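Close look at the chain arrangement
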Amino acid sequence: MDTELICLDDYERQALSTLDTRYGDFFAAGADDEQTLQDNRADFKKLRFRPRMMRNVADVSLSTTILGNLISLPVGIAPTSRHKLVHHLGEEATARAAKSMGTCFCLSTYATTKAAEVAGLSGDATQWFQLYIFKDVQMAQRQIQKAKKHGFKAVVVTVDLPVVGNRRKVNGTRKANSAIDGFELPPHLRHEIIEELLGRDNSVTSKPCSHLTWKDLAMIVSASPLPVIAKGILTEEDAEQAIKAGCSAVYVSNHGGRQLDGVYSSISALPEVVKAVGGRVEVYMDGGIRTGTDVLKALALGARAVFIGRPAIYGLAVGGEKGVRRVITILRDELKLAMQLSGITDVNDIPRSLVQHESLIPRL
Ligand SMILES: Cc1cc2nc3c(=O)[nH]c(=O)nc-3n(C[C@H](O)[C@H](O)[C@H](O)COP(=O)(O)O)c2cc1C
């Protein structure tokens, strides 16, 4: 079956052709006109390589560290909600795949699997816990304590969701913006982590918290026993705020084009953030990564590691744990090949000069 699927686009096509359209729409959607969703991919194509030749690329190293933890390739799995909509083993299968590939899995607050079940299989694997702050700082702090007990190695606080972006198709029908997620799970599934936090009747209380500021994040960081990563940063100003709040890393993301439509693509935002951070903390990114050359471009622009959202879901939908493993394997092999063809032997040693924006290429 999946031997015919040779690239991540094949997995997307296959998954979306078989999934119930209500769920396919949910995973594929961006906000409003989906301009940012499209730019996330299109802007990678505007970057071109300046490869170097004759540099002995027989041995290539893909492994690196994130916050001191070893990963076998600089591609992790971004937090995405509701994996059981596409496969009965849900987040557990995704986490197993990440573990067996030696990379990082980030569990979403909106997971359909209990944190303990995912964390229970972590071993030495690098697992992160993504946190939405629902009610107040104290509840967030309690949740971080639990994440620490489970063995998660860091907490990813998503800062780009004070309200939910306007995705037009929800549960198979078009709707105008209601500023709440509005997605209804089928009756046999649960938002396990939210229920643990807020109890069963989470329809009202799981609304995002709109009154948060950087001060709240600073309070959370100061009491956190785990390193905190700010996810959803797109500007130098907010990168600075995240560092001031004590975050251990900055994660460039526009939520896969699902929040404010018209914001920069992630790859376009990356250089501004990397420059502002100036090496003080690690910088990660996600949004539109679909090929090994995309990964290489992001690393050249200063990302320490990148993350994939939808591609992991599509791999899960097509082939469960094996499908996710295959998606990561494809990216790994494509990255290795792109490095060899560019004269690069180590993911930790990629010069900025490897990529050039197409607008700067001299035209005849
Ligand atoms: C269906 C879906 C659900 C998501 N759920 C979450 C979430 O629960 N928490 C979060 O921080 N980001 C969430 N995101 C954003 C992803 O973490 C990530 O930023 C985005 O998917 C990256 O873009 P990509 O899908 O092009 O790789 C979600 C994205 C999608 C597509």
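About the criteria used
- Residues numbered from 1 in each chain as written.
- Predicted model: local features only at pLDDT ≥ 70, side-chain atom pairs only at ≥ 80, totals over all residues.
- Heavy atoms only, no water.
- Helix = DSSP H or I, 4+ residues; strand = E, 2+ residues; numbered from the N terminus.
- Rg over C-alpha atoms; globule rule 2.2 N^0.38 Å.
- Buried < 20%, exposed > 50% of the residue type's maximum accessible area, 1.4 Å probe, protein only.
- Contact = heavy atoms within 4.5 Å.
- Areas by Shrake-Rupley, 256 points an atom, 1.4 Å probe, with all protein chains shown as cover.
- Polar contact = N/O pair within 3.5 Å; in protein donor to acceptor, adjacent residues only side chain to side chain.
- Arc of directions from axis to C-beta.
- Salt bridge = Lys/Arg side-chain N within 4 Å of Asp/Glu carboxyl O.
- Phe/Tyr/Trp six-rings, centres within 6.5 Å; stacked < 30°, edge-to-face > 60°.
- Lys NZ or Arg CZ within 6 Å of the ring centre and 35° of its normal.
- 1 Å grid on protein atoms, 1.4 Å probe; cavity = no way out; pocket = protein on both sides within 12 Å on 5 of 7 lines; lining within 4 Å.
- Points joined across faces, edges and corners; volume = space filled by probe spheres on them.
- Nonpolar A, V, L, I, M, F, W, Y, C, P; charged D, E, K, R; others polar.

The next subject is the overall build of the protein chain. When its secondary structure is counted, the protein chain shows twelve helices and 14 strands. Its C-alpha radius of gyration of 19 Å places the protein chain within 12% of the 21 Å reference for a compact globule of 364 residues. Taken over the C-alpha atoms alone, the protein chain extends approximately 60 × 50 × 45 Å along its principal axes. Across the 364 residues that make up the protein chain, the buried fraction comes to 55%. A separation of at least 24 residues holds for 73% of the contacts in the protein chain among residues at least 6 apart in sequence. Approximately 15,900 Å² of the protein chain is accessible, and the part contributed by carbon and sulfur atoms is 51%.

Of note, Q259 is situated in the loop between β11 (249–252) and α10 (266–277). At a separation of 2.9 Å, a polar atom in the side chain of Q259 contacts the main-chain carbonyl oxygen of D160. When residues no more than four places from it in sequence are discounted, the contact partners of Q259 are A31, D160, L161, V163, V164, G165, R167 and N254.

The next thing to look at is helix α2 (residues 21–28). Every buried residue belonging to α2 is among Y23, G24, F26 and F27, and all of these are buried. Buried residues in α2, looked at end-on, bunch into an arc of 160°, giving them a common side.

Before going further, it helps to spend a moment on unusual backbone geometry. Although it is not a glycine, R82 adopts a positive phi angle of roughly 60°. Secondary-structure assignment places R82 in the loop between β4 (75–77) and α4 (90–101). Phi at H255 is positive, roughly 65°, even though this residue is not glycine. Mapped onto the elements, H255 comes out in the loop between β11 and α10.

On inspection of all chains with the given rule, the structure shows 14 salt bridges. For K114, the salt bridge goes to E192, with nearest N and O atoms at 3.7 Å. Of this pair, K114 sits in the loop between β5 (105–107) and α5 (115–119) while E192 sits in helix α7 (residues 192–198), placing them 78 residues apart in sequence. Across the pair E321 and R325 runs a salt bridge whose closest N-O atoms are separated by 2.8 Å.

A few words on the packing of aromatic side chains. Under the criterion given, the structure shown has twelve aromatic pairs. Looking at K231, its charged tip hangs above the ring of Y251, at a distance of 5.5 Å from the centre. It is R258 that lies over the ring of F26; its NZ or CZ is 5.0 Å from the centre.

Moving on, we come to empty space enclosed by the protein. Under the defined criterion, the tally for this structure stands at three cavities of 30 Å³ or more. When its volume is computed, the largest cavity comes out at roughly 490 Å³. Lining the largest cavity are 31 residues, and of these P79, T80, S81, H255 and R258 sit closest to its centre. Counting only elements with at least two residues in the lining of the largest cavity, the list comes to α2, β13 (305–308) and α12 (310–342). The element contributing the most residues to the lining of the largest cavity is α12, with three residues. Here the lining of the largest cavity is built from residues that sort into 13 nonpolar, ten polar and eight charged.

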